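# Chains, contacts and geometry: an overview
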Amino acid sequence: MAKYIAQIIVLGGQAIGRAFAKALKQEIAASQEAAKRAGGGRQGDKSAESNLRTGMTLEEAKQILNVEDLKSADCITKNYEHLFNVNERSKGGSFYIQSKVFRAKERLDQELNAQQQNQKPKAEEQAAAEEAPQSRARQRR
C-alpha cells in the first residue's frame, strides 16, 4: 500500500514539474515578444512607461480612435470629439466608453509629444554637425 502511495506522489510531482516548466517557457517567450514590440532600449522603456501611465497600449489607443497613423492630428481630434460627444451620459452613452476614448486620446498625445521631443535633439545635432566644419575651417585660417 505504501508503495502505491509513493508512486502516486512521485507521478504527481513529475506532472506538476512539467506543467511549471511549460508555463515558465511560455512566460519567457511572451516577455521576449513584448520586449520586441516595445522596441527595446530607451524607446521601449518610454513606451512601457506611457502604457503604464495611461493603462493602454499605443495599438489599443489607435483602435479605439480608429486612426492608422499618428501624423494626422486633425483626424485624431475629429474622431476623439465625435466619440466623446456620442458617449455622453446625457445622450444615453456609456461613461466607461467615454473614459476609454479620453484615455486613448491622452495616450496618442503622449506619443506625439515624445516623437516631437525626439525630433528636436536630432535637429540640434544636425545643426551642430553643420556648424562644426565651418568652425574648423575658421580655425585653420
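The name given to the chain in an unreviewed UniProt entry is Mitochondrial import inner membrane translocase subunit Tim16, and the organism recorded there is Drosophila albomicans. Under the UniProt heading Sequence similarities (unreviewed entry), the entry covering the chain gives this text: "Belongs to the TIM16/PAM16 family." Heading Subcellular location (unreviewed entry) of the UniProt record for the chain holds this comment: "Mitochondrion inner membrane".

## Remarks on the nonpolar core
Counting residues in hydrophobic clusters, the biggest one holds twelve residues: Met56, Leu58, Ala61, Leu65, Val67, Leu70, Ile76, Tyr80, Val101, Ala104, Leu108 and Leu112. When contributions to this core are tallied by element, the ones reaching two or more residues are α3 (58-65), α4 (73-86) and α5 (95-140). It is α5 that contributes the most residues to this core, four residues altogether. Contacts of Leu112, omitting those with residues within four sequence positions, involve Leu70 and Ile76.

## Looking at α3
Inspection of α3 places Leu58, Ala61 and Leu65 among the buried residues, and these make up the whole buried set. Buried residues of α3, seen end-on, are gathered within an arc of 60 degrees and therefore sit on one face of the element. Across from the buried face of α3, at angles greater than 90 degrees, the exposed residues are Glu59 and Gln63. In the segment just after α3, Asn66 is the residue with positive phi, at about 55 degrees.

## A look at unusual backbone geometry
For residues besides glycine, phi is generally negative; the peptide bonds are generally trans as well. Even without glycine at this site, Asn66 takes up a positive phi of about 55 degrees. Among the structural elements, Asn66 can be located in the loop between α3 and α4. Overall, Asn66 belongs to the exposed group, its relative accessible area being 59%.

## A word on the packing of aromatic side chains
Scanning the entire structure with this criterion turns up one aromatic pair. Plain terms: the ring middles of Tyr80 and Phe84 are 5.5 Å apart, the flat faces sit at 35 degrees to each other, and that makes the pair tilted. A residue pair is termed a helical-turn pair when its members lie 3 or 4 positions apart in one helix, as Tyr80 and Phe84 do in helix α4 at four residues. A cation over an aromatic ring shows up here: Lys105 above the ring of Tyr80, its NZ or CZ 5.7 Å from the ring centre.

## Digging into the confidence of the model for the chain
For the chain, the average pLDDT comes to 82, and 74% of its residues sit at 70 or higher. For the chain, the element scoring lowest by mean pLDDT is helix α2 (residues 41-54), at 64; α4 scores highest, at 92.

## Considerations on a nonpolar patch on the surface
On the surface, Met1, Ile5 and Ile9 cluster together into a nonpolar patch covering about 370 Å² of accessible area. Mapping Met1 onto the fold places it in the segment before α1 (2-38). Given a relative accessible area of 75%, Met1 falls into the exposed group.

## Some details on α4
In an α-helix, one turn spans 3.6 residues, which is why side chains three or four residues apart end up on the same side. Over its 14 residues, α4 runs 20 Å from end to end, which matches the ideal 20 Å to within 8%, given 1.5 Å per residue. Those residues of α4 that sit buried are Ile76, Asn79 and Tyr80. Viewed end-on, α4 has its buried residues packed into an arc of 105 degrees, placing them on one side of the element. Along α4, the residues that are exposed and aim more than 90 degrees away from the buried face are Asp74, Lys78 and His82.

Cut-offs and rules
- Residues numbered from 1 in each chain as written.
- Predicted model: local features only at pLDDT ≥ 70, side-chain atom pairs only at ≥ 80, totals over all residues.
- Heavy atoms only, no water.
- UniProt positions renumbered as here; feature names shortened; annotations may be inferred.
- Core = buried A, V, L, I, M, F, W, Y, C linked by side-chain atoms within 4.5 Å.
- Buried < 20%, exposed > 50% of the residue type's maximum accessible area, 1.4 Å probe, protein only.
- Helix = DSSP H or I, 4+ residues; strand = E, 2+ residues; numbered from the N terminus.
- Contact = heavy atoms within 4.5 Å.
- Arc of directions from axis to C-beta.
- Phe/Tyr/Trp six-rings, centres within 6.5 Å; stacked < 30°, edge-to-face > 60°.
- Lys NZ or Arg CZ within 6 Å of the ring centre and 35° of its normal.
- pLDDT = per-residue confidence, 0-100.
- Patch = residues over 30% accessible without salt bridge, like charges linked within 9 Å, V, L, I, M, F, W, Y side chains within 5 Å.
- Areas by Shrake-Rupley, 256 points an atom, 1.4 Å probe, with all protein chains shown as cover.
- Salt bridge = Lys/Arg side-chain N within 4 Å of Asp/Glu carboxyl O.
- Expected span 1.5 Å × (residues − 1).

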